[in-house]
Amino acid sequence: MVWPLLLLLFSFLDFCHAQLTLDYYAKTCPQFDAIVRDITQQKQMEFPATAAATLRVFFHDCAVDGCDASILIKPTSFNKSELDYDINHSLAGDAFDLITRIKTALELACPGVVSCADVIATATRDLIVMTGGPHYKVQLGRKDSLVSNASNVEAHLTRVNATVDLMINRFKSMGFDVKDMVVLIGGGHTIGFVHCKEFANRLFPKPDPTMNPILVERLRTMCANYTINKDMSAFLDVISPGNFDNVLFKNLMKGIGVLGSDQLLYSDPRTKPFVELYAKDAIAFANDFAHAMEKVSVYQVKIGDQGEVRKRCDAINNAHT
């Protein structure tokens, strides 16, 4: 009975992917690519943290019930959405502002045509390229989710203190192997940042002995008032935070990983070989990241009547008012 069920699942996935095309908006919204690119570029120039913020929103969206813009739905008195869950409270506003700007422009150019899910996927790719990362193809035609529930989040996202076993299992449940996991974490963190409270346990009261002493002192100074100033944060790649590159992996080999869960990737025998590979081979990192992102961007996409094209990205079309 197992094989027929697997074949049915794979047939369904193939069907979903077949509904997505690279030129989905060629006739219905020919300005799509230009609008997304121009607004994204302007936003990134004004606020350089936009790339990291948007990439994180993209991952948090896709990991929970697929790439369907469910992360954008604001909570209401009738429903606690994904944004209500504590792990999403630290998602940066620049990402949401960017998506709102793009969606507003698209609604003026071609109302009711472009989904918010396609906006997130395309803007994320464009931002990766703008920061020096690889270009990859983004298929289009996703529909936006009709629901967003806070209760769905915990089982799909990992926290900063996650073990390697937990990270591997979470990625495996999405159909990603260990190599995919390492390259996606590295890609997500090479331009990422994190609030001090998320790694303070590695600094206070006693420093984590696996962390480079110079980094410890730097972060202890930077995060000294983290309990008072909740917005205190640090770049995850302390050497080249604004560049999408392979330096994060080199950092891990020197013990200068900010997050404990990142540093574990270099100590675990299942993940260490990939850290070493990407540290020495920037091309392999770029190619494998591009391939993994193509897989992520079509994860559990909604098509047809499984979703809708929202008029506003922060609310379903028939939401209670």
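Residues numbered from 1 in each chain as written. Predicted model: local features only at pLDDT ≥ 70, side-chain atom pairs only at ≥ 80, totals over all residues. Heavy atoms only, no water.

### A word on the overall build of the protein chain
At step 1: Looking only at helices and strands, one finds twelve helices and two strands in the protein chain.
At step 2: Walking the protein chain from its N terminus toward its C terminus, one meets helices and strands in the order α-α-α-α-α-α-α-β-α-β-α-α-α-α.
At step 3: Since a compact globule built from 321 residues should have a radius of gyration of about 20 Å, the 20 Å found for the protein chain is in line with a globular shape.
At step 4: If one aligns the C-alpha atoms of the protein chain with their principal axes, the spans along those axes are about 55 × 50 × 35 Å.
At step 5: The 321 residues of the protein chain split such that 49% are buried.
At step 6: Across the protein chain, the fraction of contacts at a sequence separation of at least 24, relative to all contacts at a separation of at least 6, is 74%.
At step 7: Carbon together with sulfur atoms contributes 59% to the accessible area of the protein chain, which is approximately 15400 Å² in total. (Helix = DSSP H or I, 4+ residues; strand = E, 2+ residues; numbered from the N terminus. Rg over C-alpha atoms; globule rule 2.2 N^0.38 Å. Buried < 20%, exposed > 50% of the residue type's maximum accessible area, 1.4 Å probe, protein only. Contact = heavy atoms within 4.5 Å. Areas by Shrake-Rupley, 256 points an atom, 1.4 Å probe, with all protein chains shown as cover.)

### Looking at the environment of Leu236
At step 1: Inspection of the secondary structure puts Leu236 in the loop between strand E2 (233-235) and helix H9 (247-253).
At step 2: Relative accessible area serves as the criterion here: at 4%, Leu236 is assigned to the buried category.
At step 3: Taking the C-alpha atoms as reference, Leu236 lies 31 Å from Ser115; in sequence the two are 121 residues apart.
At step 4: When residues no more than four places from it in sequence are discounted, the contact partners of Leu236 are His189, Gly192, Phe193, Val194, Leu248, Val258 and Leu259.

### Some thoughts on the nonpolar core
At step 1: Core analysis: the biggest nonpolar cluster contains 73 residues, and Phe58, Leu72, Leu106, Leu184 and Met293 have the highest contact counts within it.
At step 2: Of all the elements, helix H3 (residues 50-63) adds the most residues to this core, at nine residues.
At step 3: Counting 15 residues, the second-largest nonpolar core is a separate cluster that includes Cys196, Leu215, Leu219 and Leu259. (Core = buried A, V, L, I, M, F, W, Y, C linked by side-chain atoms within 4.5 Å.)

### Details of the UniProt feature "domain: Plant heme peroxidase family profile" (unreviewed entry) in the protein chain
At step 1: In this structure's numbering, the residues bearing the UniProt feature "domain: Plant heme peroxidase family profile" (unreviewed entry) are residues 19-317.
At step 2: Helix makes up 44% of residues 19-317 and strand 2%, whereas the separation of the span's terminal C-alpha atoms amounts to 22 Å. (UniProt positions renumbered as here; feature names shortened; annotations may be inferred.)

### What to know about the state of the cysteines
At step 1: This structure, assessed with the given rule, holds four disulfides.
At step 2: A sulfur-sulfur separation of 2.1 Å characterises the disulfide bridge that pairs Cys116 with Cys313. Every disulfide takes its handedness from the sign of the S-S torsion; for Cys116 and Cys313 that torsion is -95 degrees, giving left-handed. Of this pair, Cys116 sits in helix H5 (residues 116-130) while Cys313 sits in the segment after helix H12 (282-296), placing them 197 residues apart in sequence. With respect to class, Cys116 is no different from Cys313; both count as buried.
At step 3: In the protein chain, the bonded cysteines, numbered by position in the sequence, are linked as 1-4, 2-3, 5-8, 6-7. (Disulfide = S-S within 2.5 Å.)

### A word on the environment of Asn318
At step 1: Tracing the backbone shows Asn318 in the segment after H12.
At step 2: A relative accessible area of 63% means that Asn318 is categorised as exposed.
At step 3: In this structure the C-alpha to C-alpha distance between Asn318 and Leu146, which are 172 residues apart in sequence, comes to 9.1 Å.

### Considerations on the pattern of salt bridges
At step 1: What the rule picks out here adds up to 17 salt bridges.
At step 2: One salt bridge connects Arg125 with Asp126, and the closest N-O pair in it is separated by 2.8 Å. Assigned by exposure class, Arg125 and Asp126 land together as buried.
At step 3: Linked through salt bridges whose partners overlap, the residues forming this network are Lys43, Glu46, Asp94, Asp97 and Arg101. (Salt bridge = Lys/Arg side-chain N within 4 Å of Asp/Glu carboxyl O.)

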